[in-house]
Amino acid sequence: MESDIVLTMRHICKIFPGVKALDDVDFTLRKGEIHALMGENGAGKSTLIKVLTGVFDFDEGEIRLSGYDEPILNKSPQEAQKRGISTVYQEVNLCPNLSVAENIFIGREPCKLGRIDWKKMYSMARELLSKLDIEVDVTCPMENYSIALQQMVAIARAVDMSAKVLILDEPTSSLDDLEVEKLFTLMRKLRDKGVGIIFVTHFLEQVYSVCDRITVLRNGQLVGEYPIAELPRLKLVAKMIGKDFDDLASIKSLRTQKPNGTQVIKAEQLGHSGTIKPFDLRIMQGEVIGLAGLLGSGRSELARSLYGADKPDCGELFVKGKKFVPSHPIDAIHRGMAYLPEDRKKEGVIADLSVRENIMIALQAKKGMFKLLSRKQQEEFTDQYISLLQIKTADRETPVKQLSGGNQQKVIIGRWLLTQPDFIILDEPTKGIDIGTKTEIQKLVLKLADKGTSVLFISSEIDEMLRTCDHMAILRDGSKVAELKEDDMSQKSIMGAIAGGNQ
Amino acid sequence: MIRAFLKKLTSYRLFLPIASLILVLLVNMIKTPTFFQLEMRNGVLYGYIIDVINRASELVILAVGMTLVVAASGGTDISVGAVMAVAGAVCCFVLAGGQRTVNAYQNPYILGVLAALLAGILCGAWNGFLVSKMKIQPMVATLILFTAGRGIAQLVTRGQITYIRVENFKLLGANIPGVPLPTSIFIAILVVILTNLLLKKSALGLYIEAVGVNKNASRLVGIKSDQIIFLVYVFCGLCAGIAGMITTSRIYSADANNIGLNMELDAILAVALGGNSLAGGRFTLLGSVIGAYTIQALTTTLYAMGVSADQIPVYKAIVVVLIVSLQSEEFVRWFSKMQARRKVVA
Amino acid sequence: MIKQKKKFNENTFLLCITVGLFFAMYIAGMIVFRKNGFARFQVFLNLFISNASLIVVAVGMTVVMITGGIDISVGSFVAMSCMMLANMMENKGYGAVSSVLIVLLIGILFGFVQGFLVSYLKLQPFIVTLAGMFFARGMTAIISQDMISIKNPLFLSWATRKVFLPFGGTMNKRGVLIRPYIYPTVIIALIVLVLIFFMLRYTKFGRKIYAIGGGEQSALLMGLNVRRTRLLAYILDGFLCAIGGILFCLNTCSGFVEQARGFEMEAIAAAVIGGTLLTGGVGNVFGSLFGVLIKGTIETFITFQGTLSSWWTRITIAALLAFFIILQSILGSTKNRRRNSK
């Protein structure tokens, strides 16, 4: 192996029943490089990483690591770790019942005379975290801390253990901008020390901000490997979805109707203690309203209060002019509301049930337990939405867990569209979704608005909201602080409203 | 060709319960050649197989309730045996008017039955309350009645076995004059049919599966998850009440220590043998019913082989571990890896 | 700078309640039954004497519960160990020492089989140990349906040898110093308790047990050998149950099919009352000790009271269990609410 290369993967093939997840894929990582691994959902990024770290075995190909003459085969994450390949996953992989220090050192605790030296472990943990500018009580159980903080500890652990290769699999999904910058500073430090970092992500901005090279996968195959300077954004996206992408510009021109002035939702001093302070909000028929704010500012909580997913403690809510006191989501559904939750896996998909069952279930709940939809009706509805939303599935009866993330999201959207709501809440509908599907969903939102449905759109990507919304509400630290009308909306004004006074 | 057929056969949902049942019946037949023999005497059908189906009735009813509990909450109700004892005790208490042994009903029969069913429902409601409202783990929540249930039954019968020496009373556990098969069989079948109708003709079956797979998502689509979970525990308690009534009728007494002893274990095993995942979600009622009859047939086989009642559990344990192991994902995965490897070598 | 303040520790709170409850109950007993001699030191020591076996078994149960599993076969296994000891010493003529060693080996084997099924075949612990419970109880009946009394002199000498304590003595009416005593079983139980506490707190293996209970997926991704750790936890539990069985036998000096019925529920109750979470990841063997002592205190109460049936012990334990389970649940939900409001 050449001296500046730390890892090569050649001709990797991985087959699952029914699908070829990786087809003759090559990957090269150099020492002291931050290398982005990109592709749509189902492109094979996750699988490639799992093959490298020994979570999966692979069917063909070879992996070589610097320092080893023979090709290596990792049979488990433990083996990979021993060889110097560490991973930090998207879902926080820590033990909530153990303390921060323990999570960092589990399996390699400092020992004195055969017993664990707690004092030393705590001081080592404090030292490591202070290098990352994190000050926490390392003796406290992990579960007391926010997800963002847990992620940073996970990274600290991997950083402490990795020597050659550090893999970051979507580490920034739950971090706010400040925390992302901290992470990038750390990544650059490690790169300068000669560590090879594989950065798997969907966020284009972040890739251009910190990476040196990009490898693009599509449908399980390698599209190419490029130095960052040679691949401007539009070209990158085109390579990822395989077609010319001019849509990023404006799709708003698709709107044919304007909101007609009838009030659909009126919230007066509605609040839920501990999560969202009392707020006022008015939404018109056919209007698309966006909620912007930092992580933890209360956007999801506001949406949940409107829907009744969390019962509000104070204030009043009027739906289509009539007072509404939600006590259970079924009340909201009867009033014509729909809610796409942020956490698709935990609150959206009913994994083992089929596509058909997942799609018809909200409508069934609306009709009531004793008015079962006939099988024929169910099948018709399912087919209708499979074609409307272009859901890629083998069959109506396929368990939804076998679908890719993007298609699962489409199933849930179909579920709600079937209930023909007057008002639909979309909380991060495009999170973790590839660019092609993202745009489809955005266009769908505009179509819905045209038909007279009101939409509440929450997204961490401001340009996505700019593309679709008529009107925005800004939240900060658990309360609504501002509203912006169409003419005032721009990246700058929104960021300014979010940041507040101390810029 | 054969391999493809076998693969399709084993992937069929009810394959394992049916295969297990057939296996056990075959062993029975080998051990007792007269196993399937039926004899009609005085208008009543007799035979080993009738015996098996008869004695399995309580288990079948318990298995129905347990299946729904497992499906909706991913947990098990280990109090069903104790609830059977409570239901039996309450029934006999009402019918005996508080005395230790009676030769005639002190209160109308129907009152005794209703009391027993009500006791079952109340116990189920207590369990349901702990699990759905207090969000306590099912095994833990039902542990409480498991521990205290028989004590409560003892309190109801004042620590003595209450006897109801009325001919009519034994009908439930025996034969109604003129009917060739024991009453309990009909009751078990009725319970299964009615439950199945309710699950399939309404959205309840779908709701139970949805809640079992993902409680939070189900709530957000408008299903009252907590209510469904509460409901299945009440239903399970009701089933235990019915089963308790049948057992009490068989022995025409309320023996708080022995009614339903170890039946919770059998019920859970029936559900597992039926191919249902004990983690909840999708379920098959028919599978559990087949599992219940299989367990009873297994028990009969063992009796026929001269094994005493105390010793039977050893064999049940081994059989169950074997079957659940074969069903486990890990084994299936390992097995198909072995197959693949053999193909490569060949 | 990311700052977080130290938060309230629910688990210590639960432990305090348990310990407090024990002292409250015991002191109440001393007041209510002062004329009957409840306040004697020996009564306190008797708690340990009668429950030495349960202490060891509860410790084993705690270990398994921390991994997120459960073992409901312990009662039956204790009965089986007793029967094996009785059978080996009386019917087969083995010596006391060899019988004990064989039982310990069987315990390890039993734990191995259960552990293998749970960790490698990924079967649910409840089902596996349920089968184990059936199996062990049935085996006891297969070995012998009648009671076997142990007459082996060495064994009996261990069972009856009193260890007098150098303190706490009282003068009786005749002016003779009556010394309080315990049996070697108590010493063994306490040694086991301390050793396991040490193991859980100060060895890597112990911390791994907490890790796989708190987050199995995470532990796996962090490179811990989850399967092996879990298997070892069950082997340890089997070994401890064997010790518990031996201690039980030293108490009863006989083997009988009906022994130790409901023992597993007492062990689980002791662990839960002692602060072990059934969801795993949290547990403390000293808490379990207090759980056992509470059960013992209730039993002593009922014995002193004289007229209540022994079923009341069961009902009281069940009520306590309900109380602690509900408390754990409430504390658990407040913790979640706090964490989500970020």
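What counts, and where the lines are drawn
- Residues numbered from 1 in each chain as written.
- Chains lettered and ligands numbered in written order.
- Predicted model: local features only at pLDDT ≥ 70, side-chain atom pairs only at ≥ 80, totals over all residues.
- Helix = DSSP H or I, 4+ residues; strand = E, 2+ residues; numbered from the N terminus.
- Rg over C-alpha atoms; globule rule 2.2 N^0.38 Å.
- Buried ≥ 20, exposed ≤ 12 C-beta atoms within 10 Å, placed from the backbone.
- Contact = placed C-beta atoms within 7 Å.
- Nonpolar A, V, L, I, M, F, W, Y, C, P; charged D, E, K, R; others polar.
- Expected span 1.5 Å × (residues − 1).
- Pairing = 2+ DSSP bridges.
- Axes fitted to C-alpha atoms, helices over the stretch in contact; angles between N-to-C directions.
- Parallel < 35°, antiparallel > 145°, perpendicular 65-115°, else oblique.
- Left-handed = near helix turned anticlockwise from the far one by under 90°.
- pLDDT = per-residue confidence, 0-100.
- Domains from an automatic or database assignment.
- Core = buried A, V, L, I, M, F, W, Y, C linked by C-beta atoms within 7 Å.

### Comments concerning the overall build of chain A
On a plain count of helices and strands, chain A comes out with 17 helices and 22 strands. Since a compact globule built from 503 residues should have a radius of gyration of about 23 Å, the 24 Å found for chain A is in line with a globular shape. Projected onto its principal axes, the C-alpha positions of chain A cover 70 × 50 × 45 Å. Within the span of chain A, comprising 503 residues, buried residues form 48% of the whole. Considering only intrachain contacts with a sequence separation of at least 6, the fraction spanning at least 24 residues in chain A is 68%.

### Structural notes on the overall build of chain B
A count of helical and extended segments in chain B gives 15 helices and five strands. A globule of 346 residues ought to have a C-alpha radius of gyration of about 20 Å, and chain B, at 21 Å, matches this closely. Overall, chain B is about 75 × 55 × 35 Å in size when its C-alpha atoms are taken along their principal axes. With 346 residues in all, chain B has 54% of them scored as buried.

### A closer look at the interface of chain B and chain C
How big an interface is tends to be expressed through the accessible area that disappears when the partners come together. Across the contact, 34 residues belong to chain B and 35 residues belong to chain C. Those elements that provide at least two residues to the side of chain B that touches chain C are helix 7 (138-156), helix 12 (263-273), helix 14 (312-327) and helix 15 (329-345) of chain B. The dominant element in the side of chain B that touches chain C, judged by the number of residues it contributes, is helix 14 of chain B, at nine residues. Along the lines of polarity and charge, the residues of the side of chain B that touches chain C split into 19 nonpolar, ten polar and five charged.

### A closer look at helix 4 (residues 96-119) of chain C
When the terminal C-alpha atoms of helix 4 of chain C are compared, their 34 Å separation across 24 residues agrees well with the 34 Å that a helix rising 1.5 Å per residue should span. Those residues of helix 4 of chain C not exposed but buried are Ser99(C), Val100(C), Val103(C), Ile106(C), Gly107(C), Phe110(C), Gly111(C), Gln114(C), Gly115(C), Leu117(C), Val118(C) and Ser119(C).

### Focus on the sheet that holds strand 13 (residues 263-272) of chain A
Residue and element names in this part refer to chain A. Read from one edge to the other, the open sheet built from four strands follows the order 14-13-16-17, with strand pairing classed as antiparallel. A strand with exactly one partner marks an edge of an open sheet, and here the two such strands are strand 14 (276-284) and strand 17 (322-323). Two strands pair when backbone bridges link them, and strand 16 (residues 314-319) and strand 17 are joined in this way by two bridges, in the antiparallel orientation. By the bridge assignment, Val319 is partnered in strand 17 with Lys322. Of the strands in this sheet, strand 13, strand 14 and strand 16 are in contact with helix 9 (residues 299-307), which crosses strand 13 at around 115°.

### Some thoughts on the packing of helix 4 (residues 57-73) of chain B against helix 9 (residues 204-213) of chain B
Residues and elements named next belong to chain B. Across the interface, helix 4 lies against helix 9 with an axial gap of 6 Å and an inter-helix angle of 50°. On the basis of the axis angle, helix 4 is oblique to helix 9. In contact with Leu68, Ala71, Ala72 and Ser73 of helix 4, helix 9 contributes Ile208, Glu209, Val211 and Gly212. Looking at the contact of helix 4 with helix 9 residue by residue, the classes come out as five nonpolar, two polar and one charged.

### A few points about the packing of helix 11 (residues 263-273) of chain C against helix 12 (residues 285-305) of chain C
Residue and element names in this part refer to chain C. Here helix 11 crosses helix 12 at 120°, and the two axes come no closer than 7 Å. On the basis of their axis angle, the class for helix 11 and helix 12 is oblique. Crossing of helix 11 over helix 12 shows right-handed handedness. Here Glu266, Ala269, Ala270, Ala271 and Ile273 of helix 11 come into contact with helix 12, specifically with Ser288, Gly291, Val292, Ile294 and Lys295. Here the contact of helix 11 with helix 12 is composed, by residue class, of six nonpolar, two polar and two charged.

### Topic: the environment of Ala309(A)
Tracing the chain through its elements places Ala309(A) in the loop between helix 9 and strand 16. Spatially, the C-alpha atom of Ala309(A) lies 9.0 Å from that of Tyr339(A), the residues being 30 residues apart in sequence. In contact with Ala309(A), not counting residues within four places along its chain, are Arg304(A), Pro329(A), Tyr339(A) and Leu220(B).

### A look at the pairing of strand 22 (residues 479-485) of chain A
Residue and element names in this part refer to chain A. Taken together, the six bridges between strand 21 (residues 471-476) and strand 22 define a ladder with antiparallel strand orientation. In the strand pairing of strand 22, His471 is matched with Lys485. Hairpin remark: strand 21 followed by strand 22, antiparallel, with two residues in the connecting loop; positive phi at Asp477, about 50°.

### A closer look at helix 3 (residues 48-55) of chain B
Restricting attention to buried positions, one finds in helix 3 of chain B the residues Val52(B), Ile53(B) and Asn54(B). Buried residues belonging to helix 3 of chain B abut helix 4, helix 8 (183-201) and helix 13 (285-304) of chain B.

### Details of the confidence of the model for chain B
Residue and element names in this part refer to chain B. With 97% of its residues at a pLDDT of 70 or more, chain B shows a mean pLDDT of 87. Mean pLDDT per element in chain B: helix 1 (residues 2-11) is the minimum at 70, and helix 4 is the maximum at 96. This complex was scored by the predictor with a pTM of 0.79 and an ipTM of 0.83.

### What about the pairing of strand 15 (residues 288-293) of chain A?
All names here are of chain A. Most of strand 15 sits out of view: six of its six residues are buried. Side chains Val288, Gly290 and Ala292 of strand 15 all project onto a buried face; the interleaved residues Ile289, Leu291 and Gly293 project onto the opposite face, where all are buried too. Summarising the sheet, strand 15 and strand 20 (residues 454-458) pair through four bridges and their orientation is parallel. When the sheet's bridge partners are listed, Leu291 is paired in strand 20 with Ile458.

### Some words on unusual backbone geometry
Phi at Gln269(A) takes a positive value of approximately 55°, unusual for a residue other than glycine. Topologically, Gln269(A) is positioned in strand 13. Its identity as a non-glycine residue notwithstanding, Lys122(C) has a phi of 55°, on the positive side.

### Concerning the domain arrangement of chain A
By the assigned domains, chain A splits into domain 1 (5-241), domain 2 (249-336 + 421-503) and domain 3 (348-419). Each of domain 1 of chain A and domain 3 of chain A was reduced to a C-alpha centroid, and the two centroids are 35 Å apart.

### So, the sheet that holds strand 3 (residues 101-102) of chain B
Sheet strands pair via backbone hydrogen bonds, and the direction of the pair is either parallel or antiparallel. All names here are of chain B. Reading across the sheet, the three strands line up as 3-4-5 and stay open at both edges, with mixed pairing between neighbours. Only two strands of the sheet have a single partner each, and these edge strands are strand 3 and strand 5 (253-254). Summarising the sheet, strand 4 (residues 162-164) and strand 5 pair through two bridges and their orientation is antiparallel. Across the sheet, residue Tyr163 finds its bridge partner in strand 5, namely Ser253. Packed on one face of the sheet, helix 5 (residues 80-96) meets strand 3, strand 4 and strand 5 and runs near 65° to strand 4.

### Quick word on the environment of Val113(C)
Along the chain, the position of Val113(C) falls in helix 4. Given 18 C-beta atoms within a 10 Å radius, Val113(C) is considered partly exposed.

### Digging into the nonpolar core
Leu62(B), Ala63(B), Val86(B), Val90(B), Val232(B), Val57(C) and Leu321(C) are the most contacted members of the largest nonpolar core, which totals 364 residues. Here this core gets 17 residues from one element, more than from any other, and that element is helix 10 (residues 226-252) of chain C. Excluding residues that lie within four positions of it along the chain, Leu321(C) makes contacts with Leu143(B), Ile144(B), Thr147(B), Ala269(C), Val272(C) and Ile273(C).

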